[in-house]
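As a plain string of letters, each chain reads:
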Amino acid sequence: LAQGKIPLVQKWAITLSEQINAIASKYSGAALLQKKLKDVEPIIRIEDVDGARLVLDFAEEIERMLGSKMKSVKRLADTAEDADLYHEYNASLQFDYFNALLVNTMDEEGNFIELGGEFPLEENEHFNKLSVNTLMSDIQVPTNVYNKDPNILNGVYMSEALNDIFINNFQKDPTLTWQYFGSSSGFFRLYPGIKWTPDANGVVSFDCRNRNWYIQAATSPKDIVIVVDVSGSMKGLKMTIAKHTINTILDTLGENDFVNVIAYTDYVRYVEPCFKGTLVQADLDNREHFKLLIEELHVKGEAKVKKAMKESFRILARANGQGSLCNQAIMLITDGAMEDFQSVFEEFNWPDKKVRVFTYLIGRDMTFSENVKWIACNNKGYYTHISTLADVQENVMEYLHVLSRPMVINHDHDIIWTEAYMDSVLFKSKAHSLLLMTSVAMPVFSKKKETLSHGILLGVVGTDVPLLEVMKLAPRYKLGAHGYAFLITNNGYILAHPDLRPLYSDGKKLKPKPNYNSVDLSEAEWEDTEDSLRTAMVKGETGTLSLDVRAAVDKGKRPLFLKNEYFYTTINETPFSFGMVLTRGHGQYMFFGNVSVEEGLHDLQQPDLSIADEWTYCETDIDPHHRKLTQLQAVVRYLTGKEPDLECDEILLQQVLFDAVVTAPLEAYWTALTLTSAFLGTRSGLMRVIRYAGSEKRVGKKFLTPVDKENLFTVDHFPIWYRMAAENKPGQFFFYVPHDDINKGDVNCYLVDNNGFIMVSKEKGDVSTSYTSVTLYDYQAMCKNAHHHTSGARPLLSVLKMYPYFETYRFLLEFNICGLWHNDYVVDAHRQKKVELMQPCNTEYPGFMYDTSIRETNSIIKCGRCQKMFVLQQVPNSNLVMLVVQADCDCLLNSFEHNATVKCNRMKSQKIRRRPESCHAYHPHENAKDCGGACGIAVSLTLYFICLGTSLALR
């Protein structure tokens, strides 16, 4: 370089261009494919895609599917209420039922134990290969509930009537998954029946009454202020019980609820100072945040409850117009109340008593029980006494029954849909490890006239709907290479979106992110800076929007500039809105060709051919006999007439047959060349892959295998190489480095002046180039943080520090450059050896794009005490550049950091949301005199002794 041999670099680049394009042309078979397409041009037609019509068609299909689930749930609710109406309570009832924990369990003599009779189980494809009994449901009971309590036995006996309805529902709609009835007394009837597995300690902690579907169906939206006494008298076990009580209350809240937590002694303080004087949405992120702060509460001073109650009423008064606009309640957690607090209620709550007050007396001392009960009974609330940890669950549940009274008395059967969730029980099963679901549920009431004013809630019925199955109703092939579909809730949170990443890697384990189901649409569609798309969808509108977007593909590392057309509408009878994206260019047209079934079938069954198994070419989940078929097997059996009853997508089948015929000549062509590997993909999800089984070492062993989801056709996306090539210059090859080839063999990936993917030789060198920086954002990142933060700020984010570059003389760089620090969507906050806590954070990071108008450039890099020259030369007719650098000077790239992201602002932000249509906060015939007393719960001996031991240890 110093000798002025820059023209030599130009010659190298031209020679390299000629060689790699000649190799690519010969071994890809591109010319053969183009010729074949030219031959069949007369039978090809191209049609415009009508996005406005398509979004309505997709929404109609989704409405039909979800409507079927709602009808099933309605049949369950009607049957349960009728069964209860004709059931007479029998306190001495003896009834042997199938307990899910005990079924198929024998004693030492080989006899089935009580409640554990023979219960046939068989592996079932439809239920993710779990062993189930599709002829019967069984009963799960939490460890802290006595499984032969009279209330349990009567409820189980009464709900036996649901068995026939479960089976009938499943026969009418074979796409149904789990159906269930959660009883207010604590048992859970599940269909199909399963063998329930306890945790490592032998405890069954699952309580259906804690599940979001139960709580949302049982109550209307609510604004809650939790008030906890942290005076000196609350030390020891009392404070432990109080914290558990707060956490249990928080677990009963959902995204349609609002909450705050304040602690009091002789003064009032907010557990989270950021939330002073306001209510925040009780989504998962906020609830978990509160739980972390509650663990740090310490006792001190003297209790003055009047100040705390006044502040609570003020918070709820300010919430008018911001909170749920429905139920309002104060939860007072204390070991006693000595003050004269009547004046507070006279000033803020009487005579209307719009705010209910629930009181929880903590500890064994009953000295102030009458005072604490008086507060609840005179404010339409409920009083409970909690003396042990085992008491908490049952006593907290009482407030839900009180809030449900107006709805029960009115007999308003509101059907609810939950936000997306990953069930903690099913998540432990590998088969369900990536399954996001929503649930549809409905309350079940007592219709007996003698108890009408008490508003007795019998329980909740529901069914789960895997969101993956919902999104299959918007087929990928109709949306193009970059198109996609998505669903959001009335709160603007994502139910389904290809950019939603609910899991993160913690070592070798995948875990749900703390905020996985409260990711806002604006955090995935961040180019919509005005929230125009989000606002319109949350309001339930139908319309379109055009946006220029910077899409990040390949795990966020490669930026693409796209012009997206958004189409959106509401899903009737649900709180959901549906949207889809078509990209200008590839997303605007549909490609059709017509070939005979006989000709297509022959080519479809060649060994090098496969189709996208996550796509629905034929519906294999309706008939149990079809569930073990792959999509390719189902297509072949349908087209050959062996399975004429299969429901198949005729348009997609026509496309895949055409693609099979057109691409067929490539199999023989590739085979003759004995390639390492060659592949192609088409819009119909068809792939041809050939791998040479010679003795040569082959790199990229995971590439295009089932584990390499990024490079395959999936429900969410087209392969990366397909998407990148689609945006490449027509007629020009796109050169791409598969992810698992990076840093292996002869190909490595390094950051160059904050750039990325560089295909390098093994000599060492130091490089720097000029690329256009593209700012990208990730609002779903996880940051490592070694310290526990109690402030409202998120941790300081630092980009992965870059080490000295590998020196080299010749480089090939892709025009499209990645930011290495964004690898796997995890940002390292502090590089320390000890185990660090992962928590959600927002990141801003650069991607880099080569300016193709710059064909060549050279400059000098200053590296501390020395400097070096580099020459960058574009390789003609490719997406590569050649880089030549002096190798006699080392450089170390400085790491750079981002400012801390303030979590507080995000958590308390009040974006536009659509409130649930129904609210049941008041009924004139409600029996408010039923306001609690002695705790009447049934505790198992096992849990009793566990709690007793804990209690003694803490004293």
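The preceding data block contains the structure.
My aim in this report is to walk through the structure given alongside it, one point at a time.

Thresholds applied
- Residues numbered from 1 in each chain as written.
- Predicted model: local features only at pLDDT ≥ 70, side-chain atom pairs only at ≥ 80, totals over all residues.
- Heavy atoms only, no water.
- Helix = DSSP H or I, 4+ residues; strand = E, 2+ residues; numbered from the N terminus.
- Buried < 20%, exposed > 50% of the residue type's maximum accessible area, 1.4 Å probe, protein only.
- Contact = heavy atoms within 4.5 Å.
- Areas by Shrake-Rupley, 256 points an atom, 1.4 Å probe, with all protein chains shown as cover.
- Core = buried A, V, L, I, M, F, W, Y, C linked by side-chain atoms within 4.5 Å.
- Pairing = 2+ DSSP bridges.
- Axes fitted to C-alpha atoms, helices over the stretch in contact; angles between N-to-C directions.
- Arc of directions from axis to C-beta.
- Parallel < 35°, antiparallel > 145°, perpendicular 65-115°, else oblique.
- Left-handed = near helix turned anticlockwise from the far one by under 90°.
- Nonpolar A, V, L, I, M, F, W, Y, C, P; charged D, E, K, R; others polar.
- Phe/Tyr/Trp six-rings, centres within 6.5 Å; stacked < 30°, edge-to-face > 60°.
- Patch = residues over 30% accessible without salt bridge, like charges linked within 9 Å, V, L, I, M, F, W, Y side chains within 5 Å.
- Salt bridge = Lys/Arg side-chain N within 4 Å of Asp/Glu carboxyl O.

A look at the overall build of the chain
Of the regular secondary structure elements, the chain holds 24 helices and 40 strands. Burial analysis of the chain (955 residues in total) assigns 56% to the buried set. Considering only residue pairs separated by 6 or more positions, the chain has 74% of its internal contacts joining residues 24 or more positions apart. Accessible surface, the chain as shown: approximately 41,600 Å² in total, 52% of it carbon and sulfur.

Re the nonpolar core
Membership of the largest hydrophobic core comes to 154 residues, with the highest contact counts inside it found for Tyr 97, Phe 486, Leu 487, Phe 578, Met 580 and Tyr 617. Per-element tally for this core: the top contributor is helix α3 (residues 51-85), with 12 residues. Sequence-distant contacts of Leu 487, defined by excluding residues within four places in its chain, comprise Val 470, Met 471, Tyr 493, Ile 494, Leu 495, Ala 496, Ile 571, Phe 576, Ser 577 and Phe 578. In this structure, Leu 293, Ile 362, Val 396 and Met 397 belong to the second largest nonpolar core, which totals 42 residues.

Overview of the sheet that holds strand β25 (residues 609-611)
The antiparallel open sheet is built from three strands, whose spatial order is β25-β29-β28. Strand pairing shows two members of the sheet lacking a second neighbour, β25 and β28 (677-681), which therefore form its edges. Strand-to-strand twist in this sheet, taken as the mean axis angle between neighbours without regard to direction, amounts to 20°. In this structure, β25 lies alongside strand β29 (residues 686-691), joined through three bridges in antiparallel fashion. Bridge assignment links Ser 610 to a residue of β29, and that residue is Met 687. Those strands touched by helix α20 (residues 650-663) are β25, β28 and β29, and its axis lies near 35° from that of β29.

Some details on the side chain of Asp 207
Its location among the elements puts Asp 207 in the loop between β6 (188-191) and α6 (212-218). Residues contacting Asp 207, with those up to four places away along its chain left out, are Pro 142, Gly 186 and Gln 393.

Quick notes on helix α21 (residues 665-673)
Those residues of α21 not exposed but buried are Leu 666, Glu 667 and Trp 670. All buried residues of α21 lie within an arc of 105° about the axis, which places them on one face of the element. The outward face of α21, more than 90 degrees from its buried face, is lined by the exposed residues Ala 668 and Ala 672.

Side note on the packing of α3 against helix α5 (residues 162-172)
α5 packs onto α3 with a crossing angle of 165° between their chain directions and a minimal axis gap of 10 Å. Taken as axis vectors, α3 and α5 run roughly antiparallel relative to one another. The two elements α3 and α5 cross, and the hand of that crossing is right-handed. Taking contact as the criterion, the partners of Ser 72, Arg 75, Leu 76, Thr 79 and Ala 80 in α3 are, on α5, Leu 162, Ile 165, Phe 166, Asn 169 and Lys 172. Looking at side-chain class alone, the contact of α3 with α5 contains five nonpolar, three polar and two charged residues.

Quick look at unusual backbone geometry
Going from Tyr 191 to Pro 192, the amide bond is cis rather than trans, its omega being -5°. Tracing the backbone shows Pro 192 in the loop between β6 and α6. For the bond running from Trp 350 to Pro 351, omega is 5°, close enough to zero to count as cis. The residue Pro 351 is located in the loop between α10 (342-348) and β12 (355-362) in this model. Of note, the phi angle at Asn 104 is positive, near 60°, even though the residue is not glycine. As for its position among the elements, Asn 104 is in the loop between α3 and β2 (122-124). Look at Lys 129: it is not a glycine, yet its phi comes out positive at around 65°. Secondary-structure assignment places Lys 129 in the loop between β2 and β3 (130-132). Given the relative accessible area of 51%, Lys 129 is considered exposed.

Some thoughts on the pairing of strand β39 (residues 880-885)
Counting buried positions along β39 yields six of six residues, so the element is predominantly enclosed. Neither face of β39 is left uncovered, since the one carrying Leu 880, Met 882 and Val 884 and the one carrying Val 881, Leu 883 and Val 885 both have all their residues buried. Across five bridges, strand β38 (residues 866-874) lies against β39 in antiparallel orientation. In the sheet register, Val 871 faces β39, and the bridge partner there is Val 884.

Brief notes about the packing of aromatic side chains
For the coordinates displayed, the defined rule picks out 36 aromatic pairs. Residues Phe 313 and Phe 345 carry aromatic rings whose centres are separated by 6.1 Å and whose planes lie at 80° to one another, so their mutual orientation is edge-to-face. One end of the pair, Phe 313, is in helix α9 (residues 305-318); the other, Phe 345, is in helix α10, and 32 residues separate them in sequence. Its relative accessible area of 4% is what places Phe 313 among the buried residues. The class of Phe 345 is buried, set by a relative accessible area of 0%.

Side note on the packing of helix α18 (residues 597-604) against helix α19 (residues 631-639)
Each pair of packed helices can be described by the angle between their axes along with the distance between the axes. The geometry of α18 relative to α19 is characterised by a closest axis approach of 11 Å and an angle of 150° between their N-to-C directions. Viewed along their axes, α18 and α19 adopt a mutual orientation that is roughly antiparallel. Considering the relative orientation of α18 and α19, their crossing is left-handed. Counting all contacts with α18, which are made through Val 597, Leu 601 and Leu 604, the residues of α19 involved are Leu 632, Val 635, Val 636 and Leu 639. Along the lines of polarity and charge, the residues of the contact of α18 with α19 split into seven nonpolar, no polar and no charged.

Observations concerning a nonpolar patch on the surface
On the surface, Leu 37, Ile 46, Tyr 589 and Phe 591 cluster together into a nonpolar patch covering about 360 Å² of accessible area. Relative to the helices and strands, Tyr 589 resides in strand β24 (residues 589-593).

Quick word on the environment of Lys 26
Mapped onto the fold, Lys 26 is located in helix α1 (residues 6-28). In this structure, the C-alpha to C-alpha distance between Lys 26 and Tyr 669, residues 643 residues apart in sequence, is 9.9 Å. Contacts of Lys 26, omitting those with residues within four sequence positions, involve Tyr 669 and Leu 673.

Re the sheet that holds strand β5 (residues 179-183)
Reading across from one edge, β4-β6-β5-β16-β15-β14 is the order of the six strands in this open sheet, with antiparallel pairing throughout. The outermost strands of the open sheet, each flanked by one partner alone, are β4 (138-140) and β14 (416-417). Where β5 and β6 come together, four bridges link them in antiparallel fashion. Residue pairing for β6: Gln 179 is matched across the bridge by Tyr 191.

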